[in-house]
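# Structure assessment
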Amino acid sequence: MATRSRLAAVVVGLLALLGCSGSAPPGTASPTTSLSSSTAAAASADAARPGAPQPGTWSGLAGCVDPALRAYRCGVLRVPVDRSRPRGPSLELDVLVAGRADASRTMLMLTGGPGQPGPVFAPRVLPAFAGLGGDYRVVMLDQRGTGARALSCPQLQDERGGADLGIPSRAALRECARLIGPDREHYATTDTVADLESLRRALGVDRWAVNGVSYGTYVGQRYAAAHPDRVSALVLDSVVPVEGVSATLADIYPEFTRVMRAVCASPGRRCAGDPPADLATVLARRPSYGPQLLNVVTAMSYADPTRLLDLPERLRSAAAGDLGPLDEAIRLSRGALAAPATQYSQGVQAATLCADSVFPWGGAQSPEQVRDRRADHAVQGLAPASLFPFNRETARSNGEMLLCEYWPRVTDKTVPASAQQVRVPTLILAGELDLGTPLVWARGAQQRIPGSRLIVVPGAGHSVQVGNRHPSVNAQVARFLLR
């Protein structure tokens, strides 16, 4: 069995990758902006700072102030909080540009979440693109509500940290919605797509390649659909479906069985018992464990799926009646997944997902009083076999479902599926063993995007480009972008 320190190290290792919670390189964290009222008030305070760019303006590029980013150039783009009020309160988005200033081409690199910053990850992300040589400059930004000016919701941040599927309380979500205020409806992906177009114009770029990881793939697809003439190429690493993800997460459960058995069958590996069957046994006795275990297992798969081998013996013990080792894994994961809003803003995650996701109760404007009944009804209609090795409690009370069930209604900014068709050259990357954005989502994107090419990386998990863990894949990305 994994020792306590080993399991903690496994989970801490997850925090370094795009698309899940992320810790910045040492020395790059900035103070979080705490929103004690609305984002409009915070934006007005920003505007009063000497030298701050005025609404709708671009600061230009200069050397980055952060010592860890001295190799790059930085700037600030000011955008309206509410796009329908261009002269109203505004937000500052930090931008970083790497590569030669006179490079003939530009690539926009989009990080994940929603809630993850951009520029602080440059030292970790940009080595993956060494194969582009001097042909490209690479642009990264803090999407609205992230980074040094992240939306801050202390109680929700404490409960979920850097976890995508952490279980939130109704009180934390209500507090978060109150702190952000009415502007919470302006953190939808539609708003971010508009910000990207403002950035393109500010940089004077006619067309650029867009490369997204995890939630960044969703943003990239939405941007490419809205501005196809401005995208020369699209790279989707660890795909989130552009048509949205059901809040029941029904697509993910069968993937656990496939991934866990594949890990256990890999050369030199051996698992105690059959982990999916043991998990199902545990949940038959303790149904409420489902949402917590889904969060733990999904998080552990992000960095290195082979580390899931730390779980089988714990599951075997739990199936035999000893829940102690499994409880320890849940407890350790909570501490290890802690992260400040500057590194993974749960305020942005709530505001964005609850505007963009697919719910049993309908869209973002659905009356709050009908959501629980409609969610109950939808989950009861799911066949237990389709949820194996998880259960209906997992589908009903997973972190994403509860996050948005409790979130106040906002203006619905969803875009019809007919307006989300991507028709640009597209390369799709998928880790064979990724549970956060499972392979089935990548295959769906390949079918949906005409002429797209899918590369499935054997043995890989989430975010296959970053960290130079798969140099042959990075070389293929470079060849695609240099065509």
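Please refer to the structure placed before this passage.
Nothing here was measured: the structure is a model prediction, and the numbers come from that model.

Let us now look at the overall build of the chain. Check the secondary structure of the chain and you find 19 helices and nine strands. Considering the chain as a whole, with its 483 residues, one finds that 59% of them fall into the buried category. The contacts of the chain with a sequence gap of at least 6 include a subset with a gap of at least 24, amounting to 78%. Per element, the accessible surface of the chain, about 17700 Å² overall, is 53% carbon and sulfur.

Throughout the structure, instances matching the rule amount to eight cavities of 30 Å³ or more. Of the voids in this model, the largest cavity is the one considered here, and its volume is about 370 Å³. Forming the boundary of the largest cavity are 25 residues, of which Gly113, Val240, Val245, Leu353 and Glu400 lie nearest the centre. At the level of secondary structure, the elements contributing two or more residues to the lining of the largest cavity comprise helix 7 (215-226), helix 10 (289-303) and helix 13 (346-356). With four residues, the top contributor of residues to the lining of the largest cavity is helix 13. Partitioned by chemical class, the residues of the lining of the largest cavity number eleven nonpolar, eleven polar and three charged.

Next up on the list: unusual backbone geometry. The omega angle of the peptide bond from Gly113 to Pro114 is 0 degrees, so this bond is cis rather than trans. Take Pro114: it is sitting in the loop between strand 4 (105-110) and helix 3 (122-125). With an omega of 5 degrees, the peptide bond running from Phe388 to Pro389 counts as cis. In this fold, Pro389 is placed in the loop between helix 15 (384-387) and helix 16 (392-397). The residue Ser214 is not glycine, and still its phi comes out positive at about 60 degrees. With respect to the helices and strands, Ser214 occurs in the loop between strand 6 (208-213) and helix 7. Unusually for a residue other than glycine, Ser463 sits at a positive phi of about 60 degrees. You can see Ser463 is positioned in the loop between strand 9 (453-457) and helix 19 (471-482). Looking at Ser463, the relative accessible area reads 0%, which means it is buried.

Turning our attention to the pairing of strand 5 (residues 136-141). Most of strand 5 is tucked away: six of the six residues are buried. Alternating residues of strand 5 divide into Tyr136, Val138 and Met140 and Arg137, Val139 and Leu141, and every residue in both groups is buried. Pairing geometry for strand 3 (residues 90-98) and strand 5, over four bridges, is antiparallel. Counted as the bridge partner of Ala98 is Val138 from strand 5. The sheet contact formed by strand 4 and strand 5 spans five bridges and is parallel. Residue pairing across strands places Leu108 opposite Val139, the latter belonging to strand 5.

The next thing to look at is the sheet that holds strand 9. Spatially, the nine strands line up as an open sheet ordered 1-2-3-5-4-6-7-8-9, and their pairing is mixed. One side of each edge strand has no neighbouring strand; the edge strands of this open sheet are strand 1 (62-63) and strand 9. Bridge analysis of strand 7 (residues 231-237) against strand 8 (residues 426-431) gives four bridges, and the strand direction is parallel. Bridging across to strand 8, Val235 finds its partner in Leu427.

Attention shifts here to the state of the cysteines. A covalent bond bridging the sulfur atoms of two cysteines is what the word disulfide describes. If you walk through the whole model with that rule in mind, you get four disulfides. A sulfur-sulfur distance of 2.0 Å marks the disulfide that ties Cys64 to Cys74. One disulfide, between Cys64 and Cys74, carries an S-S torsion of 90 degrees and so falls in the right-handed class. Of this pair, Cys64 sits in the loop between strand 1 and strand 2 (73-80) while Cys74 sits in strand 2; the two residues are ten residues apart in sequence, bridging distant segments of the chain. You can call Cys74 partly exposed: its relative accessible area is 21%. Residue pairing for Cys354: its cysteine sulfur links by disulfide to Cys404, the two sulfurs lying 2.2 Å apart. Between Cys354 and Cys404, the S-S torsion sits near -90 degrees, and that sign places the bridge as left-handed. Of this pair, Cys354 sits in helix 13 while Cys404 is found in helix 17 (residues 399-405), placing the two residues 50 residues apart along the sequence. When its relative accessible area of 4% is taken as the criterion, Cys354 is described as buried. Each disulfide in the chain links cysteines that, numbered along the sequence, combine into the pattern 1-2, 3-4, 5-6, 7-8.

Within the largest apolar cluster, 99 residues are counted, with the highest numbers of intra-cluster contacts made by Leu199 and Trp407. Among the nonpolar cores identified, the runner-up in size contains 33 residues, and Leu132, Ala209, Val473 and Ala478 belong to it.

Turning to the pairing of strand 3, a few remarks are in order. Of all nine residues that make up strand 3, eight are buried, and the element is covered over most of its length. Here strand 2 pairs with strand 3 via eight bridges, running antiparallel. Across the sheet, the residue bridging to Val76 is Asp94, located in strand 3.

Now for helix 12 (residues 324-336). The terminal C-alpha atoms of helix 12, which comprises 13 residues, lie 18 Å apart, in line with the 18 Å expected from a rise of 1.5 Å per residue. All of the buried residues in helix 12 are Pro325, Leu326, Glu328, Ala329, Ile330, Leu332, Ser333 and Ala336.

Thresholds applied
Residues numbered from 1 in each chain as written. Predicted model: local features only at pLDDT ≥ 70, side-chain atom pairs only at ≥ 80, totals over all residues. Heavy atoms only, no water. Helix = DSSP H or I, 4+ residues; strand = E, 2+ residues; numbered from the N terminus. Buried < 20%, exposed > 50% of the residue type's maximum accessible area, 1.4 Å probe, protein only. Contact = heavy atoms within 4.5 Å. Areas by Shrake-Rupley, 256 points an atom, 1.4 Å probe, with all protein chains shown as cover. 1 Å grid on protein atoms, 1.4 Å probe; cavity = no way out; pocket = protein on both sides within 12 Å on 5 of 7 lines; lining within 4 Å. Points joined across faces, edges and corners; volume = space filled by probe spheres on them. Nonpolar A, V, L, I, M, F, W, Y, C, P; charged D, E, K, R; others polar. Pairing = 2+ DSSP bridges. Disulfide = S-S within 2.5 Å. Core = buried A, V, L, I, M, F, W, Y, C linked by side-chain atoms within 4.5 Å. Expected span 1.5 Å × (residues − 1).

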